[in-house]
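Chain and residue survey
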Amino acid sequence: MQQVKSIFDFTETCWKYVLSEVSEAAVYIDHAAAECFHWYSGDKAYISFKNSGASSVHELSLFNLKFIKAKKTNKAVIISTSAESSFYNETIKLILEKNHFSKCIIFCSVPTSVLNYNTIFPRENKNYELQHDFKWTDGKYDTEIGETNVTIIYTPIFTASLNDYVFLTPPFGNMMPPIDEKSIIHYENDIEYFASSMNSLFTNLNVKEEIYSMGRLSNIVAEKLSTLPVAINRRKQISDERNVSFILLDRTLDLCTGCSYNTESLLSRILCTLPHLNHHDNDIAVNMSSLCLGAEECLSSFMVPGCLATNETNFMDLLLHKKQKDLLLAFNKMLNEMSTVNESPVKTKLATRVSAHSLEKLIHKFRNTENIESLTRSSKTLQIIIAVIQALKSDKTSQLELLISFEKLILQNLAVSRDASSIVAQLSNIIQSRSTRGLSMDNLLVLLIHVYSMVGNDINFPPQQEEQLRNSLAEAIFQDIKKCNEIESSEDLSVYHQTLILLSFGITDEKLMMKTSKQIATNIMDLFHAIASQRHTLQNYKSIIYKSNKQEMAKKVGLVERLVTDLIDPNKLEIPDLQCNTFSLLSTSFNLLMKGRMKHPSDSSLIIIYIIGGITADEARIVHEKTSINNFAHPKIILSGSRLLNPLDVLEKILLSNLSASLS
């Protein structure tokens, strides 16, 4: 693969390679790879495949493949990010059984150091004759399965860029640091896969990474990347002028920020209110029925939803950085300019005050006067504007505003009263009165994660107050289990309710149901305590609550914000909580002798901060705001992570996913 200059160039090189091979082929692509391509193509994934000559495009899942037979082609292209050899065994077998391909190309994002390509084909099936000795030529493995020539090509497809300074890694979207040390052993394969993928990125960027880490899982990943033989050899051949500082952080060190609804980014509000696009972790589904004439008669279930992905990165910049008032004004101006270009009879004017309602009225006027060609031409702009309107008009707004007010109140109370005896009692009362307040247990559990992560080990809640909280949780869970048992279908239930159904399966006796509820509540409290202890080994970054003096209101300063503040500090003060994983003791001693200090992450011209477990839209906003001031005086900072998080994602990955394991 050729040398590239940026993350986007790296992504583009991978996909151009894939697209060059799809002509006249049936394309099979898995969800993570499809999500990467979705962002690269700007929501034109299917069209891009068809424009490159693909005869058909299919979802790479065993369930769907049972009913799919490709027509009018003898060639298959498979794009997969799975690191499980059994998945390939079953999938390849099924695809070849259902079709008569003479050629099959597999673009695999997993390197051979992680997935042995010799093991990914069915060997003990009499219908297949497999040549066991693969031939390696220019990054390709070739073999024969029956009458099909199969070529496996390692292609590091794992990045999805939102803009020039934020990218995500969908194949690692479910990778969340465990809150207990015992579970880390289960991440061994993911760690090797991730480290090898990042090595491919740095290889193609032609840079030498200085690796830093913070958090248990991040330290292990950093150690793996620093000791990869291919990475060591690469770094030896690259000059120090091409250094990049690669900083790995555990999301679990700051779940407070991940669970906060109190953000200034409109993208955060969109992620909290609109549903995910099907099989996507990082994009949302926008109901586009408002663009239909006679929308009240339009069946939205038959409509293709809109989304946020676009090649025009200025839209993502607006959603991340503009305040609500400025964003609405900008969209009002866009609609005005679109009407002018299309010579529309709609008379719009630049306004000084714009609301979601007034913007929606303007959308309707635009719809009623434009033809299908102009609506199609402006489709992406309309999708994003409608997403903002729906987020601001959402039925969830009052609930979110109430949760934000609780966050603010709790923060100020914690800053004033270090024993925080009243906080837990207040939280218990909120749980007990949740129905009258219009609050769901999902969001109250998110609030509790937010609180326990914020206090850390600095503040100890009174045991009797925590016992009251445990009882309130048990009673609420008992009531929710009873409601779940009365529901015939669980299709539309939240992950929280689905988890309760799983944990109480088959229990109908109320006494046994209450016993189960108490056990669940006990395990939840244990998880809260584990969450609170995540920063106990840190020195400078132990506290998230900041209050400079008695007169000033307390602030919540997240881990990423504090780190970036230190990274751009011209004094380059030591950051003791960052562990350096690149240097040997000899090189470290030599560095101290020659320069009088340890190497600092800001010595590199580029810093990539990667959060294992995901980033929030507000963190992306904060990084951009801090680095956009005197950006010539400090390194460029790129923020990256497993996925784009909303608070309910944290609830699912941290609390709910651990409940079954803790009760088994």
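Residues numbered from 1 in each chain as written. Predicted model: local features only at pLDDT ≥ 70, side-chain atom pairs only at ≥ 80, totals over all residues. Heavy atoms only, no water.

1. A word on the overall build of the chain
- Along the chain, the regular secondary structure elements total 26 helices and 16 strands.
- Within the span of the chain, comprising 664 residues, buried residues form 56% of the whole.
- Long-range contacts, defined as pairs at least 24 residues apart, comprise 77% of the intrachain contacts of the chain with a sequence gap of at least 6.
- Summed over all atoms, the accessible surface of the chain reaches about 30500 Å², with 50% contributed by carbon and sulfur. (Helix = DSSP H or I, 4+ residues; strand = E, 2+ residues; numbered from the N terminus. Buried < 20%, exposed > 50% of the residue type's maximum accessible area, 1.4 Å probe, protein only. Contact = heavy atoms within 4.5 Å. Areas by Shrake-Rupley, 256 points an atom, 1.4 Å probe, with all protein chains shown as cover.)

2. Here's the deal with the pattern of salt bridges
- Applying the stated rule across the entire model yields 17 salt bridges.
- Taking the shortest distance from any N to any O, the salt bridge between Asp281 and Arg643 comes out at 3.4 Å. Pair noted here: Asp281 is in the loop between helix H10 (266-273) and helix H11 (313-321) and Arg643 is in the loop between strand E16 (636-641) and helix H26 (647-663), with a separation of 362 residues, a long-range link.
- Classification of Asp281 by relative accessible area gives partly exposed; the value is 22%.
- The partner of Arg470 in a salt bridge is Glu467, and the shortest N-O contact between them spans 3.3 Å. Of this pair, Arg470 and Glu467 both sit in helix H20 (residues 463-486), separated by three residues, roughly a single helical turn.
- The exposure class of Glu467 is partly exposed, given its relative accessible area of 37%.
- Taken together, the shared-partner salt bridges connect Glu264, Lys323, Asp618, Arg621 and Glu625 into one network. (Salt bridge = Lys/Arg side-chain N within 4 Å of Asp/Glu carboxyl O.)

3. Concerning the environment of Asn630
- Relative to the helices and strands, Asn630 resides in the loop between helix H25 (617-627) and E16.
- Residue Asn630 is classed as partly exposed on the basis of its relative accessible area, which comes to 47%.

4. Let's talk about the packing of aromatic side chains
- Per the stated rule, a full pass over the model turns up 14 aromatic pairs.
- Ring plane angle 65° and centroid distance 5.9 Å describe the contact between Phe10 and Phe158, whose orientation is recorded as edge-to-face. Of this pair, Phe10 sits in helix H1 (residues 7-19) while Phe158 sits in the loop between strand E7 (148-154) and strand E8 (160-163), placing them 148 residues apart in sequence. When sorted by exposure, Phe10 lands in the same class as Phe158, which is buried.
- With 5.2 Å between their ring centres and 75° between their planes, Phe202 and Phe246 make a pair best called edge-to-face. (Phe/Tyr/Trp six-rings, centres within 6.5 Å; stacked < 30°, edge-to-face > 60°.)

5. Quick notes on the nonpolar core
- Of all hydrophobic cores here, the largest spans 78 residues; its most connected members are Trp15, Tyr28, Phe49, Ile79, Ile106, Phe246 and Leu248.
- With eight residues, helix H6 (residues 188-205) is the single largest residue contributor to this core.
- Residues within four places of Phe49 in sequence aside, it is in contact with Trp15, Leu19, Val22, Val27, Ile29, Phe37, Ala54, Val57 and Ile79.
- With 71 residues, the next largest nonpolar core counts Met214, Met316, Val354 and Leu362 among its residues. (Core = buried A, V, L, I, M, F, W, Y, C linked by side-chain atoms within 4.5 Å.)

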